[in-house]
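Remarks on the overall topology
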Amino acid sequence: MSGQASASAAGLATTLGPAVAATPARLAMVAGEPSGDLLASLLLRGLDARLPGSEIWGIGGPKMAAEGFRLTESMDPLSVHGYWDAIRSLREIFAVRSRLFAAIAADRPDAFIGVDAPDFNFGVEERLRGQGIKTIHFVSPSIWAWRGGRIERIKRAVDLMLCMFPMEPPIYRRAGIPCAYVGHPLADEIALQPDPAAARARLGLPADAELLALLPGSRRGEVERIGPDFIAAARWLHAREPGIRFVVPMANARLRAMFEALPGARGELPITIVDGHSHDVIEACDAVLVASGTATLECALYKKPMVISYRVAGLTALIMRRMGYLPWVGLPNILENESLVPELLQEAATPEALGAAALTALRDAQLRARLAERFTALHHRLRCDTGSRAAEAIATCLGR
């Protein structure tokens, strides 16, 4: 791992506790999907600066490994989409969890850090906490979007919750759960002023083309269910505006093969598929058609107009409708507490509706300017040197 400690960590120590001499720690960590891999990699940089020489191992992805994380198992089996996909993958998920518990029992780390993936990590954390191992969770689940029963399980599972959004700590404090607001690491990682021309040059895309990014998700089920909707919208747009080009980043070779196998993904449309480099794709484009999730926040931080969509299995949709109480699923709308960008979900995600909304995002100059202003203000609010803040909170929790 490599990285430099930020001066902001010293300021945080006044609220989290006095700074002490750095002592290496043994930490187990699990991230369950590509967005968690990215967030965990940024946390690892902060930990390297605050607790140099620490041994950190577990389940994750390539970005974590690049920061010196000892990868004991790939996160791919945990990257499932919705309740039905989770049910189909239960045997594999249980096997992963069994191997993880065995490794933790052998190593007896100072703490376990679960990065997102709440359905998997909270179960692990609850069991480990009962065994006397400190548990820390990075990325609060959407307790502000779902009805409140989940908070009791979190209270049983975690010794410390690291919150990325400012509306989260008051909820945890009211429930008596230790927490720290650390901001969002992507707000630190992404420049305040995007440079589309440079991003296009890095990707080899034409400087003067009108580009719409298609981001159908980073899980197998998302590509299977949302990919066809996005291709159909691209076909609708291409029939009316043949000059628009489409760019699709795929997180790995398996997802790329799945997307390319979808009808219309190859041949008839001007689609460029990029291996990885999702941030470059977002920065390069003029607007984005994006699946609900962390990618919607990434688009906002790059100041891009977007159309948010999502499609899940019918059972999952029914459960989500009964559990949820916010009118939005997209992070930009939730964080700004208003319908800044359109959301077209489930049956509403028709080719005509998606295509027309995407065309407005591409062509409405006043809308684009207004969104850029709002997203810049949001970027400033979330930019808190998250890696250093989170590492300081973890060190304090460990008494280091």
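Quick summary incoming for the structure in this document. These figures come from a predicted structure and were not determined experimentally. (Residues numbered from 1 in each chain as written. Predicted model: local features only at pLDDT ≥ 70, side-chain atom pairs only at ≥ 80, totals over all residues. Heavy atoms only, no water.)

1. What about the overall build of the chain?
Our working definition: What counts as a helix is a DSSP run of H or I of at least four residues, what counts as a strand is a run of E of at least two, and both are numbered from the N terminus. Exposure is judged per residue with a 1.4 Å probe applied to protein chains only, and the accessible area is read against the type maximum: over 50% gives exposed, under 20% gives buried, and values in between give partly exposed. By the convention used here, residues are in contact when the closest approach between their heavy atoms is within 4.5 Å. Accessibility throughout is a Shrake-Rupley quantity obtained with a 1.4 Å probe, and a residue counts as covered only by protein chains that appear here.
Helix and strand counts for the chain stand at 19 helices and 13 strands. Buried positions account for 55% of the 400 residues belonging to the chain. Considering only contacts within the chain whose residues lie at least 6 apart along the sequence, 70% involve residues at least 24 apart. Accessible surface, the chain as shown: approximately 16200 Å² in total, 54% of it carbon and sulfur.

2. Examining the side chain of E283
Here E283 lies in helix α13 (residues 278-284). The residues contacting E283, other than those within four sequence positions of it, are P194, D195, P196, A199, R202, Y302 and K304.

3. What to know about the packing of helix α14 (residues 294-301) against helix α18 (residues 365-382)
Stated formally: Only C-alpha atoms enter the line fits that serve as axes; for helices the fit covers just the stretch in contact. Angles between N-to-C directions range over 0 to 180 degrees. Angular relationships are summarised with four words: roughly parallel below 35 degrees, roughly antiparallel beyond 145, roughly perpendicular across 65 to 115, and oblique for the angles in between. Gly counts as polar in this scheme, as do all residues outside two lists: the nonpolar Ala, Val, Leu, Ile, Met, Phe, Trp, Tyr, Cys and Pro, and the charged Asp, Glu, Lys and Arg.
Between α14 and α18, whose axes approach to 8 Å, the crossing angle comes to 110 degrees. Here α14 lies roughly perpendicular to α18, going by the angle between them. In this structure, α14 contributes L297, A300 and L301 to the contact, and α18 contributes F375, L378, H379 and L382. Classifying every residue of the contact of α14 with α18 gives six nonpolar, one polar and no charged.

4. Some thoughts on helix α2 (residues 34-50)
What counts is decided by this rule: Multiplying one less than the number of residues by 1.5 Å gives the expected span of a helix.
Over its 17 residues, α2 extends 25 Å from the first C-alpha to the last, a length consistent with the 24 Å expected when each residue adds 1.5 Å. Here α2 lies mainly inside the structure; 14 of its 17 residues are buried.

5. Side note on the nonpolar core
Convention followed: Only buried Ala, Val, Leu, Ile, Met, Phe, Trp, Tyr and Cys residues count toward a nonpolar core, and they belong to the same one when joined by side-chain atoms within 4.5 Å.
If you look at the biggest cluster of nonpolar residues, it comprises 70 residues, and the most contacted ones within it are M29, L47, I113, F138, L162 and M306. With residues near it in sequence (within four places) discarded, L162 still touches I136, H137, F138, V139, S140, A180, V182, A390, A393 and I394. Among the nonpolar cores identified, the runner-up in size contains 34 residues, and F246, F259, A287 and L354 belong to it.

6. Examining the sheet that holds strand β4 (residues 111-115)
Going by this rule: Should DSSP find at least two bridges between two strands, the strands are regarded as paired.
The parallel open sheet is built from seven strands, whose spatial order is β3-β2-β1-β4-β5-β6-β7. The open sheet is flanked by β3 (70-74) and β7 (179-181), the only strands paired with a single partner. Averaged over all pairs of adjacent strands, the angle between their axes in this sheet comes to 20 degrees, without regard to strand direction. Alignment of strand β6 (residues 160-163) against β7, held across three bridges, turns out to be parallel. Considered in β7, the bridge of L162 is made with A180. With respect to the sheet, helix α5 (residues 90-107) is in contact with β1 (26-31), β2 (55-60), β3 and β4, its orientation differing from that of β2 by roughly 170 degrees. Along the sheet face, helix α19 (residues 386-397) touches β4, β5 (134-138), β6 and β7 and points at about 170 degrees away from the line of β6.

7. Notes on the environment of S54
Quick reminder of the rule: Under this definition, polar contacts are N or O atom pairs within 3.5 Å; protein pairs additionally need one hydrogen-donor-capable and one acceptor-capable atom, and for neighbouring residues in sequence, both atoms have to be side-chain atoms.
Locating S54 in the fold gives a position in the loop between α2 and β2. With 28 residues separating them in the primary sequence, S54 and R26 have C-alpha atoms 5.8 Å apart. Separated by 2.7 Å, the side chain of S54 and the backbone oxygen of L51 make a polar contact.

8. Digging into the packing of aromatic side chains
Note the threshold: Pairing of aromatic rings covers Phe, Tyr and the six-membered ring of Trp, with a centre-to-centre limit of 6.5 Å; geometry is then stacked below 30 degrees between planes, edge-to-face above 60, and tilted otherwise. Only lysine NZ and arginine CZ atoms are considered, and such an atom sits over a ring when it is within 6 Å of the ring centre and within 35 degrees of the ring normal.
This model, assessed by the stated rule, comprises zero aromatic pairs. Geometry around F101 places R127 over its ring, the cationic atom sitting 3.8 Å from the centre.

9. Describing unusual backbone geometry
Of note, V139 is a non-glycine position whose phi angle comes to about 100 degrees, a positive value. Take V139: its relative accessible area is 8%, and that puts it in the buried class. With a phi angle near 55 degrees, D385 is a residue other than glycine that sits in the positive phi range. Summarising the element assignment, D385 is placed in the loop between α18 and α19. Judged by relative accessible area, D385 falls into the partly exposed class, the value being 22%.

10. Observations concerning a nonpolar patch on the surface
Test applied: A residue counts toward a patch only above 30% relative accessible area and without a salt bridge, and it is joined to like-charged neighbours within 9 Å or, for Val, Leu, Ile, Met, Phe, Trp and Tyr, to nonpolar neighbours within 5 Å. Whenever Lys or Arg places a side-chain nitrogen within 4 Å of a carboxyl oxygen from Asp or Glu, that contact is recorded as a salt bridge.
Side chains of I87, L90 and F94 sit close together on the surface and give an oily, nonpolar patch of about 260 Å² of accessible area. Its location among the elements puts L90 in helix α5. Taking relative accessible area as the criterion, L90 reaches 35% and is therefore assigned partly exposed.

11. A short note on the pairing of β5
Heads up, the rule is: If you view a crossover with the strands going away from you and the path from the first strand over the helix to the second runs clockwise, you call it right-handed.
For β5, the buried fraction is high: four of the five residues fall into the buried class. The sheet contact formed by β4 and β5 spans five bridges and is parallel. Bridge pairing links F112 to T135 in β5. A crossover connection joins β4 to the parallel β5 through helix α6 (residues 118-130); in handedness this β-α-β unit is right-handed. Two strands pair when backbone bridges link them, and β5 and β6 are joined in this way by three bridges, in the parallel orientation. Looking across to β6, one finds that F138 is bridged to L162.

12. Some remarks on the pairing of strand β9 (residues 244-250)
Within β9, six of the seven residues are buried, which leaves the element mostly enclosed by the surrounding structure. Pairing between strand β8 (residues 210-215) and β9: four bridges, direction parallel. The residue bridging A213 from the neighbouring strand is V247, located in β9. The parallel pair β8 and β9 is bridged by helix α11 (residues 220-240), and the resulting crossover is right-handed.

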